[in-house]
Amino acid sequence: MQDVSQEIKRVRAQMEENEDLAILMRGLRGQNLKDSLFADDNIKLRLVEVDESSEFLPLVYDPASIAKYWGKRPRAVATRIIQLTSVAGGFLSRVAWDVINKKVKENEVARAIELREIVTSLGPAYIKLGQALSIRPDILSPVAMVELQKLCDKVPSFPDDVAMALIEEELGEPWSNIYSELSPSPIAAASLGQVYKGRLKENGDVVAVKVQRPFVLETVTVDLFIIRNLGLVLRKFPQVSIDVVGLVDEWAARFFEELDYVNEGENGTRFAEMMKKDLPQVVVPKTYSKHTSRKVLTTGWIEGEKLSQSTASDVGDLVNVGVICYLKQLLDTGFFHADPHPGNLIRTPEGKLAVLDFGLVTKLTDDQKYGMIEAIAHLIHRDYGAIVKDFVKLGFIPDGVNLQPILPVLAKVFDQALEGGGAKNINFQELASDLAQITFDYPFRIPPYFALIIRAIGVLEGIALVGNSDFAIVDEAYPYIAQRLLTDESPRLRNALRYTIYGKSGVFDADRFIDVMQAFENFITAAKSGGGESLNGRMAELGILQSQTNSIIPFPSSSSYQTEQPIQTRAALAFLLSDKGNFFREFLLDEIVKGIDALTREQLVQIMAYLGIGNAIPVFSMVPSAFVPIRPAALVPYVTEEDRIILNNVQKIIQFLTAGTASNQGLEGANVSKVIQELLPVLPGLSAKVLPEILSRLSSRVMARLIRDALL
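Cut-offs used in this document
Residues numbered from 1 in each chain as written. Predicted model: local features only at pLDDT ≥ 70, side-chain atom pairs only at ≥ 80, totals over all residues. Heavy atoms only, no water. Phe/Tyr/Trp six-rings, centres within 6.5 Å; stacked < 30°, edge-to-face > 60°. Helix = DSSP H or I, 4+ residues; strand = E, 2+ residues; numbered from the N terminus. Buried < 20%, exposed > 50% of the residue type's maximum accessible area, 1.4 Å probe, protein only. Polar contact = N/O pair within 3.5 Å; in protein donor to acceptor, adjacent residues only side chain to side chain. Core = buried A, V, L, I, M, F, W, Y, C linked by side-chain atoms within 4.5 Å. Domains from an automatic or database assignment. Contact = heavy atoms within 4.5 Å. Pairing = 2+ DSSP bridges. Salt bridge = Lys/Arg side-chain N within 4 Å of Asp/Glu carboxyl O. Expected span 1.5 Å × (residues − 1). Axes fitted to C-alpha atoms, helices over the stretch in contact; angles between N-to-C directions. Parallel < 35°, antiparallel > 145°, perpendicular 65-115°, else oblique. Nonpolar A, V, L, I, M, F, W, Y, C, P; charged D, E, K, R; others polar. pLDDT = per-residue confidence, 0-100.

An unreviewed UniProt entry lists the protein chain under the name Protein kinase domain-containing protein, with Capsicum annuum as the source organism.

**Student:** Please explain the packing of aromatic side chains as it appears in this structure.
**Tutor:** Given two aromatic rings, one states the distance between the centres and the angle between the planes to describe the pair. This model, assessed by the stated rule, comprises ten aromatic pairs. Ring plane angle 45° and centroid distance 4.7 Å describe the contact between Phe-520 and Phe-575, whose orientation is recorded as tilted. In this pair, Phe-520 sits in helix H21 (residues 510–527) while Phe-575 sits in helix H22 (residues 571–577), placing the two residues 55 residues apart along the sequence. Here the aromatic cluster, defined as three or more aromatic residues joined through ring pairs, consists of Tyr-502, Phe-508, Phe-513 and Phe-584.

**Student:** Explain the side chain of Lys-652 here, please?
**Tutor:** In this fold, Lys-652 is placed in helix H25 (residues 641–659). We classify Lys-652 as buried; its relative accessible area is 12%. Side-chain polar atoms of Lys-652 contact the side chain of Asp-511, separated by 3.1 Å.

**Student:** I keep staring at the nonpolar core and nothing clicks. Help me out?
**Tutor:** Core analysis: the biggest nonpolar cluster contains 95 residues, and Phe-271, Leu-345, Ile-397, Ile-501, Phe-513, Met-517 and Phe-584 have the highest contact counts within it. Here this core spans two domains, since at least three of its residues come from each of domain 1 (160–217 + 224–359) and domain 2 (568–612 + 634–663 + 670–711). Setting aside residues up to four positions removed in sequence, Phe-513 forms contacts with Ile-501, Phe-508, Leu-576, Phe-584, Leu-588 and Ile-653. Listed in part, the 39 residues of the second largest apolar core include Val-77, Leu-217, Val-248 and Phe-255.

**Student:** Any chance you could explain the pairing of strand S6 (residues 296–300) here in plain terms?
**Tutor:** For a regular strand, the rule is simple: side chains alternate between the two faces of the sheet. Across the five residues that make up S6, a large majority, five, are buried. By the bridge criterion, five bridges tie strand S4 (residues 206–212) to S6 in an arrangement that is antiparallel. Opposite Val-209, over in S6, you have Thr-298 as the bridge partner.

**Student:** For this particular structure, what's the right way to read the pattern of salt bridges?
**Tutor:** A side chain with one charge may pair with a side chain of the opposite charge, provided their charged atoms come close. Following the criterion strictly, the structure yields 23 salt bridges and no others. The closest approach of N and O atoms between Glu-114 and Arg-94, which form a salt bridge, is 2.7 Å. Taken together, the residues Glu-114 in helix H5 (residues 108–121) and Arg-94 in helix H4 (residues 74–100) connect sequence positions 20 residues apart. One salt-bridge network, in which partners are shared between bridges, spans Asp-278, Lys-328, Asp-332, Arg-484, Asp-488 and Arg-538.

**Student:** Looking at this model, I keep getting lost on helix H14 (residues 366–380). Mind explaining?
**Tutor:** Side chains of residues three or four places apart in an α-helix project in the same direction, reflecting 3.6 residues per turn. For H14, with 15 residues, the first-to-last C-alpha span of 21 Å sits near the 21 Å given by 1.5 Å per residue. Within H14, eleven of the 15 residues are buried, which leaves it mostly tucked inside the rest of the structure. Taken residue by residue, H14 has Gln-368, Lys-369, Tyr-370, Gly-371, Met-372, Ile-373, Glu-374, Ala-375, Ala-377, His-378 and Ile-380 as its buried positions. Directly beyond the C-terminal end of H14, a positive phi value near 55° is found at Arg-382.

**Student:** For this particular structure, what's the right way to read the sheet that holds strand S10 (residues 353–355)?
**Tutor:** The four strands are arranged S5-S10-S9-S7 in an open sheet whose pairing can be described as mixed. Looking at the sheet topology across the chains shown, the edges are occupied by strand S5 (282–283) and strand S7 (305–306). Its contacts with the sheet put helix H13 (residues 315–333) on S5, strand S9 (345–347) and S10, and the angle it makes with S10 is roughly 40°.

**Student:** Is there a simple way to think about the packing of H13 against H14 in this case?
**Tutor:** In a pair of packed helices, the angle between the axes and the distance between the axes together describe the arrangement. Interhelical geometry of H13 versus H14 gives an angle of 110° and a closest axis separation of 7 Å. The pairing of H13 with H14 is recorded here as roughly perpendicular in orientation. Of H14, the residues touching H13 (which contributes Leu-330, Leu-331, Asp-332 and Thr-333) are Lys-369, Met-372 and Ile-373. In terms of residue class, the contact of H13 with H14 is built from four nonpolar, one polar and two charged.

**Student:** Even after reading the chapter, I still don't get the environment of Leu-115, so can you show me in this structure?
**Tutor:** Relative to the assigned elements, Leu-115 resides in helix H5. For the pair Leu-115 and Leu-148, spaced 33 residues apart in sequence, the C-alpha separation works out to 7.9 Å. Ignoring any residue separated from it by four or fewer positions in sequence, one finds Leu-115 in contact with Phe-91 and Leu-148.

**Student:** Would you mind going over the confidence of the model for the protein chain with me for this structure?
**Tutor:** It should be kept in mind that the predicted coordinates are not to be read in detail where pLDDT is low. Per-residue confidence for the protein chain gives a mean pLDDT of 76; residues scoring 70 or more make up 68%. Taking the mean pLDDT of every element in the protein chain, the minimum, 45, falls on helix H24 (residues 617–621) and the maximum, 97, on S6. For the stretch residues 548–565, pLDDT sits under 50, and the model shows 36 contacts to residues farther than four places along the chain or on other chains. Segment residues 660–670: pLDDT under 50, and 26 contacts once partners within four positions in sequence are set aside and those in other chains are kept.

**Student:** Sorry if this is basic, but what is going on with unusual backbone geometry here?
**Tutor:** It is generally the case that most residues other than glycine have a negative phi and that most peptide bonds are trans. Phi at Lys-102 is positive, roughly 55°, even though this residue is not glycine. Looking at where Lys-102 falls in the secondary structure, it is placed in the loop between H4 and H5. Assessed through its relative accessible area of 77%, Lys-102 is described here as exposed. Residue Phe-215 is not a glycine yet carries a positive backbone phi of 65°.

**Student:** Looking at this model, I keep getting lost on the packing of H14 against helix H19 (residues 473–487). Mind explaining?
**Tutor:** Put simply, H14 and H19 touch, their axes get as near as 11 Å, and they point 110° apart. Regarding the angle of H14 to H19, the classification is roughly perpendicular. Residue-level inspection shows Tyr-370, Ile-373, Ile-376 and Ile-380 of H14 in contact with H19, the latter providing Tyr-478, Ile-481, Arg-484 and Leu-485. Partitioned by chemical class, the residues of the contact of H14 with H19 number seven nonpolar, no polar and one charged.

**Student:** Looking at this structure, how should I read H5?
**Tutor:** With 14 residues, H5 extends 20 Å from end C-alpha to end C-alpha; this agrees with the ideal 20 Å at 1.5 Å per step. Every buried residue of H5 is listed here: Glu-108, Arg-111, Ala-112, Glu-114, Arg-116, Ile-118, Val-119, Thr-120 and Ser-121. Positive backbone phi, approximately 105°, marks Gly-123, located one or two places after H5.

Spelled out as structure tokens, the structure:
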């Protein structure tokens, strides 16, 4: 994985030499975002203000209900269409003029800026849709993506008296009965609402109060109604490759969840619970449910500075914590914070990482979570046939597509990237041509959940690169994946772990074993960042071993051994000897048993040679066949090439676990006595579990070999 990381860095450097690719990468990292708290003064937000009641509009996305509601109000729909065309008409005419005069490329930047300003003025639906499109390189050009990425949801605020009236309507009493103070004006304004800083009357807690903008639901639903009907018309033209209806339906369901502040508060509470025990250095604002409604959200106020702007010395550590946090969501909980722009990641004065704004989350299935880990295991072994099948499971390729023609190009792509020599060996023009042909021939697509994942990881990478130009996300991601493989008890990940160590050949690979364990130790180091160890985070404690009892053989007694003090040995060895390391320890026990068997026979051969016994068959032939009903040759000790490989594997592993480095130079560097001294408190319990298993496996292996050799 270290080699892969170096290659990725080289490839990234060459990609950034291409202007379009560099623009795309900056956008995915959130580096194009407009960082102000309010929109420019010249931006005017156009909303649909209606006198009729909106109580019949759905509170969850339902295209049929929306169509029924607005179908009965043609005048309001017509007014909105006129409003849209008046704003967008001039822009569309200028684009048409560019096409006619073949000046599309020349005027692309100017038109993209116009598009961003128009999208901002058209209100929440278009702003959110623009943000969703801004991370879809399969739909928009890099220049258009950059401008839409600058949206950042900031718009002019609405009048404070309207906000105060809405608080009273939603919470059932004047704001002064709930809050002892509120800022006289909002501290930030977004497309859906604006935020005030206040203090609760009941306990004096400092809070953030988010109030939803009036007529948001009406404006959003009428826009969805218009866009969706336009999409239904476009479906009649096969030349239009983009499925507008599918895109709208896919995005609108999540957008409706953002309109419900009760849901947002519950998301934050759920997220906090998921992080509390494993990553206590990640904090989330507390939700005050008593003072929260569908249109008003009261949460704890978190002081701090944006992680992307902080100059503190621990920013690198907090980025590592952020990577673990998002990978945990992605590959463990399946509950994913899907709006991680730099403004939502805060460094607190205590040096913790605060995550804000849980209006937009996405949920991942077990197939998606486990499928990504399986794909990485297959990539390590370059099992491209399996990787293509992973693409189907993950939603990149529809079911039923003939996968065979894709394999040669996929193998070419990965082999060039992983073979060595870095980016200079990759012909990007040829590679782009191959990939373009595949996407033309086959219905490849970027699943919506994966676009959000790319954006989240990209933002973290962008923050890290500011302070560390050598940062590579794979260096931080693989340790977490190794930890997941080692600790998850699901059958799919157990199989993925076995595959990672044994590969397609089914032969134990000591180097891959060590690679996984080193990655695990790197994960433990990252999990301790930001105070994870001092806060007793469970992830940070995976590399700590507790004392055990229940020995089947006597060990030196000491009162200190009976306490539950952690053992100060290296994290990899501590994990292997712990209860959580039981499954992975099975692999190691197999190799140890094979090693003991091979080593015993090697010693016998050396002893016989020392005694001058060159051929032992006559000696064993003196034993009556009635007592030994097998061929004498089966009793002669011998050492095969396979035995020597096994002994080399065991030697590498012992060297790694005791000295910290894998080496073929013997065990001179291993401080075995120190390790044994450290492990004395756990040896009693370990012997009770492991020693009988070793003896049983060894006797079975020796007997099986004797029978096999006797029958040959």
